[in-house]
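# Report on the structure
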Amino acid sequence: HRGEEPERRARNDHRFHLALSLLAMGRLAEATAIVDSLMVAPPDKDLETLASWVHTRYVGASALAAVKQNQAARAHRLVSELDRATAEYFPGERYYWRAVVAAAAGEKPRAIAILREGVANGMGSTNLAFAGWGTANWVSLHADPFLASLQSDSAFVALLGERR
């Protein structure tokens with residue numbers, strides 16, 4: 001059992017990153033199918049904190065897909081789950097995904113306010129504070145494809161400047 005856990009985690013991580021790529025390409029049905037299957041996979045019993053963090057990533061990606069597919073009720077339910085998420089060792093993950101979902105919904109000021117709230121609550125305090133696209137660090141937000149709609153917003157640029 002223990003021998004297959006790292007292999008299963010690696011497969012799931014690859015599937016999650018495939019789903020992120022599909023989301024970025026607008027292939028929403030395929031991305032949703034992958035993320036939904038990951039959300040029902042059994043959690044890692046030995047790594048409860050990691051399992052909580054990984055589940056938060058899956059919920060965030062699923063909420064993003066729901067917003068992009070105009071599934072308001074599903075998106076609202078998933079964002080509510082993100083609001084309740086606690087990831088002590090990865091505090092920024094839920095803020096990152098909530099901001100991504102708000103940006104996708106066209107709510108730029110709200111997305112930036114969520115990122116500010118995240119900073120106030122520890123987001124960006126470590127390289128592993130959140131995992132977005134590519135490298136998991138604050139600096140990558142300026143090039144994050146899921147936050148592209150914020151990149152020209154002066155409040156977003158200022159927030160990134162404050163964190164350097």
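Look up: the structure comes first, before these words.
Attention here is on the structure that accompanies the text. From a predicted model like this one, the values you see are computed outputs, not experimental measurements.

Now for the side chain of Asp-144. Among the structural elements, Asp-144 can be located in the loop between helix H6 (108–120) and helix H7 (154–163). For the buried Asp-144, no salt bridge is present, and the opposite-charge side chain at shortest range is Lys-68, 9.7 Å distant.

All right, on to unusual backbone geometry then. Here the phi dihedral of Asn-70 falls at roughly 55°; this positive angle occurs in a residue that is not glycine. Mapping Asn-70 onto the fold places it in the loop between helix H3 (48–68) and helix H4 (72–84).

Helix length check: helix H5 (residues 93–104), at 12 residues, gives a terminal C-alpha distance of 17 Å against a target of 16 Å (1.5 Å per residue), a fit within 8%. Burial analysis of H5 places 10 of its 12 residues in the buried class, which makes it a mostly covered element. Listed as buried for H5 are Glu-93, Tyr-95, Tyr-96, Trp-97, Arg-98, Ala-99, Val-100, Val-101, Ala-102 and Ala-103. After H5 finishes, the residue Gly-106 shows a positive phi value of roughly 85°.

Attention now moves to the layout of surface pockets. Volume-wise, the second largest pocket comes out at about 210 Å³. Sorting the residues of the lining of the second largest pocket by element identifies H4 and H5 as the ones contributing at least two each. With 6 residues, H4 is the largest single contributor of residues to the lining of the second largest pocket. Here the residues of the lining of the second largest pocket are counted per class, giving 7 nonpolar, 4 polar and 3 charged.

This brings us to the pattern of salt bridges. Enumeration according to the criterion identifies 5 salt bridges in this entry. Ionic pairing is found between Glu-30 and Arg-27, a salt bridge with its closest N-O pair at 2.7 Å. On the accessibility criterion, Arg-27 (38% relative accessible area) is partly exposed. Arg-98 is paired through a salt bridge with Glu-117; the nearest N and O atoms lie 3.8 Å apart. Placement of Arg-98 in helix H5 and of Glu-117 in helix H6 is noted, with a sequence separation of 19 residues between them. Residue Arg-98 is classed as buried on the basis of its relative accessible area of 11%. For Glu-117, a relative accessible area of 34% puts it in the partly exposed group.

With that settled, consider the nonpolar core. Side chains of a nonpolar character, in soluble globular proteins, are inclined to be buried together. Core analysis: the biggest nonpolar cluster contains 44 residues, and Leu-23, Tyr-96, Trp-97, Leu-147, Leu-150 and Phe-156 have the highest contact counts within it. Among the elements of the structure, helix H1 (5–25), helix H2 (28–39), H3, H4, H5, H6 and H7 are those that each provide at least two residues to this core. Per-element tally for this core: the top contributor is H3, with 9 residues. Contact partners of Leu-150, with chain neighbours within four places excluded, come to Ala-103, Lys-108, Ala-111, Ile-112, Leu-115 and Phe-156.

What counts and what doesn't
Here, residues in each chain are numbered from 1, in the same order as that chain's written sequence. Residues qualify for local features only when their pLDDT is at least 70, as the model is predicted, and side-chain atom pairs are given and counted only at 80 or more; totals for whole chains, interfaces and linings, by contrast, use all residues. No hydrogens and no water enter the side-chain calculation; it runs on all heavy atoms of the structure. Here a strand is any run of E in DSSP of at least two residues, a helix any run of H or I of at least four, and the numbering for each starts at the N terminus. Relative accessibility under 20% of the residue-type maximum defines a buried residue, over 50% an exposed one, and the middle range a partly exposed one, all with a 1.4 Å probe and only protein chains included. When charges are tallied, Lys and Arg are placed among the positive residues and Asp and Glu among the negative ones, while His and the ends of the chain are skipped. Any Lys or Arg side-chain nitrogen found within 4 Å of a carboxyl oxygen on Asp or Glu counts as a salt bridge. Expected helix span is computed as 1.5 Å times (number of residues minus one). Detection works on a 1 Å grid of protein atoms alone, calling trapped sets that fit a 1.4 Å probe cavities and calling open sets with protein on both sides within 12 Å along at least five of seven lines pockets, with lining residues defined by an atom within 4 Å of a point. Grid points are joined across faces, edges and corners, and a volume is the space filled by probe spheres set on the points. Side-chain classes follow a simple rule in which Ala, Val, Leu, Ile, Met, Phe, Trp, Tyr, Cys and Pro form the nonpolar group, Asp, Glu, Lys and Arg form the charged group, and the remainder, Gly included, forms the polar group. For the purposes of this section, nonpolar cores are sets of buried Ala, Val, Leu, Ile, Met, Phe, Trp, Tyr and Cys residues that join through side-chain atoms within 4.5 Å. By definition, residues are in contact when any of their heavy atoms lie within 4.5 Å.

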